[in-house]
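Residue strings, one per chain:
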Amino acid sequence: RPTSSPSYTSSLSIAWFLSPSASLSNLQSELAQSTHAGADTGTSTMAAPPAERSFDVIVVGAGIIGSCAAHAVASRGASVLLLERFDLLHQRGSSHGESRTTRPTYTRPQYPPMVRLAHRLWHEAERDAGYTVLTPTPHLDLGPRDAPAFVAAMANGGATELAPAGDASRPAWAEAFRVPEGWAAATSGPAGVIKATKAMAMFQTLAAKMGAVVRDRTEVVDVARQGEGNTIVVKTSTGEEFHGGKCIITVGAWASKLVKSITGADLPVQPVHTLVCYWRVKPGHEEELTTEAGFPTFATYGEPGFYGTPSMEYPGLIKVCRNGGPPCDPDGRDWATGTGAGGIAEIVARWIDEFMPGVVDTTGGPVLRQPCMCCMTPDEDFVIDFLGGEEFGKDVVVGAGFSGHGFKMGPAVGKILAELALDGESGTAAEAGLELEHYLIGRFEGNPMGKATSH
């Protein structure tokens, strides 16, 4: 646990953050300066610690889901405190990094409507911020032509099979992929690349602009009801207490540990270590594989699955990764997992050599390796539910287990969590045709695998 003092902000130099020319490095620097400068210089860039420690809603965990939830609460005019255990925009969880993909193709039909809702909310937030975090691209899926999971996903996502070689409608980038015999390739949208850390900073900044109090370096160790009243008490590792009418728990890889300590119940969310790999594009193909050239995000159906993004964040490099990885403890990770012989990087290299041999160079392995975590439920469906029980009822809401595919839906999930906390139900989910029973904790009662099927 960090020993330095916690930091607060309720106004993160908003004018600077709303500049269309904002870069990621400057975003991170400005966010850090605005939350820490007051303690060192006494300037007005940091709000004083709140004398009033009571809020309408307290959000625990400032990754993408918690940041979106705090933004959604603040947009309703409610008072909200957003607490983060580590530094804001830290790299120890599941929300950091240069990029995430967004796509509409899912085997399970409940997800495409949530993706479409999220896209609308991404664009609304970009409009309010004055800069973009989502770059639209096509999306390409590859899979065994007759595999039920692939067929269902293409149907649910409205995908269109690529035209055959020689057809005038076939995009030039299609030649970068080798499609095995018996496989098919299909394109779909809306899709694109989300700048992950920049997006998280955007929602934190917009929330602060609307009055949210954001505090990092504050580890929450307990959430409890105060006596028989309606107040939820959030306790920190330093003995501080904050009072809220409602609480939203979005602590990612730490969800099982925190819920266990609060209720004694087991929430089946298992963190796994994964490796983000950037590979060198072969000479002469650097421009072809960029977002500017229309190159798609892409994914394969199979076990394991693979995915990638266009060459964007590092010129001359392309991100290609494997889904999932070995289980890990978020408080005791081996940061080098997957880098050795037979590890994740080697498995990805074999996929590249089979599917993209003409355009991506695997010699020597990936140029850059970045560790990350995914927080998996047994059935890979989210947990969006009230913590429940006699103690909490509908006053504590949990968002967890986003299973490596939740970032793209962050604004939608955050808004749903905010509405569940404030209203006891989500009007946005109902209007979008989203059936929240898919995400209830109760699906694991008597069935530890939940609704486990192909995802």
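Notes on the structure follow. This structure is a prediction, so every number in the text was calculated from the model and none was measured.

### Thoughts on the side chain of serine 188
Here is step 1 of the chain: By the secondary structure assignment, serine 188 is in strand β8 (residues 183-188).
Here is step 2 of the chain: Overall, the relative accessible area of 10% leaves serine 188 in the buried class.
Here is step 3 of the chain: The residues touching serine 188, leaving out its near neighbours within four places in the chain, are Pro104, Thr105, Pro138, His139, Asp141, Gly157 and Ala159.

### What about the pattern of salt bridges?
Here is step 1 of the chain: This structure, assessed with the given rule, holds 19 salt bridges.
Here is step 2 of the chain: Lysine 257 is paired through a salt bridge with aspartate 331; the nearest N and O atoms lie 2.7 Å apart. One end of the pair, lysine 257, is in helix α7 (residues 255-263); the other, aspartate 331, is in the loop between β17 (317-322) and α8 (344-355), and 74 residues separate them in sequence.
Here is step 3 of the chain: Take lysine 257: its relative accessible area is 39%, and that puts it in the partly exposed class.
Here is step 4 of the chain: Given the relative accessible area of 39%, aspartate 331 is considered partly exposed.
Here is step 5 of the chain: A single salt-bridge network, built from bridges that share partners, covers Arg85, Glu219, Lys257, Asp329 and Asp331.

### With respect to the environment of glycine 404
Here is step 1 of the chain: One can find glycine 404 in the loop between β21 (396-400) and α10 (410-423).
Here is step 2 of the chain: The residues touching glycine 404, leaving out its near neighbours within four places in the chain, are Cys374 and Met376.

### Overview of the sheet that holds strand β9 (residues 192-194)
One key point about sheets: their strands pair by backbone hydrogen bonds, in either a parallel or an antiparallel sense.
Here is step 1 of the chain: Reading across the sheet, the 3 strands line up as β4-β9-β5 and stay open at both edges, with antiparallel pairing between neighbours. Edge positions in the sheet fall to β4 (100-102) and β5 (134-136), since each of these pairs with one other strand and no more. Adjacent strand axes in the sheet meet at a mean angle of 25°, parallel and antiparallel pairs treated alike.
Here is step 2 of the chain: Summarising the sheet, β4 and β9 pair through 3 bridges and their orientation is antiparallel. From the neighbouring strand, threonine 102 faces β9, where its bridge partner is glycine 192.
Here is step 3 of the chain: Sheet contacts for helix α4 (residues 111-129): β4, β5 and β9; angle to β5, the most-contacted strand, approximately 120°.

### Concerning helix α3 (residues 64-75)
Here is step 1 of the chain: With 12 residues, α3 extends 16 Å from end C-alpha to end C-alpha; this agrees with the ideal 16 Å at 1.5 Å per step.
Here is step 2 of the chain: With respect to burial, α3 is a largely interior element, 11 of its 12 residues being buried.
Here is step 3 of the chain: Listing the buried residues of α3 in full gives Ile64, Ile65, Gly66, Ser67, Cys68, Ala69, Ala70, His71, Ala72, Val73 and Ala74.
Here is step 4 of the chain: Buried residues belonging to α3 abut β2 (54-60), β3 (80-83), α4, α6 (196-209), β13 (241-249) and α10.
Here is step 5 of the chain: Immediately downstream of α3, the backbone of glycine 77 shows phi near 85°, a positive value.

Conventions adopted
- Residues numbered from 1 in each chain as written.
- Predicted model: local features only at pLDDT ≥ 70, side-chain atom pairs only at ≥ 80, totals over all residues.
- Heavy atoms only, no water.
- Helix = DSSP H or I, 4+ residues; strand = E, 2+ residues; numbered from the N terminus.
- Buried < 20%, exposed > 50% of the residue type's maximum accessible area, 1.4 Å probe, protein only.
- Contact = heavy atoms within 4.5 Å.
- Salt bridge = Lys/Arg side-chain N within 4 Å of Asp/Glu carboxyl O.
- Pairing = 2+ DSSP bridges.
- Axes fitted to C-alpha atoms, helices over the stretch in contact; angles between N-to-C directions.
- Expected span 1.5 Å × (residues − 1).

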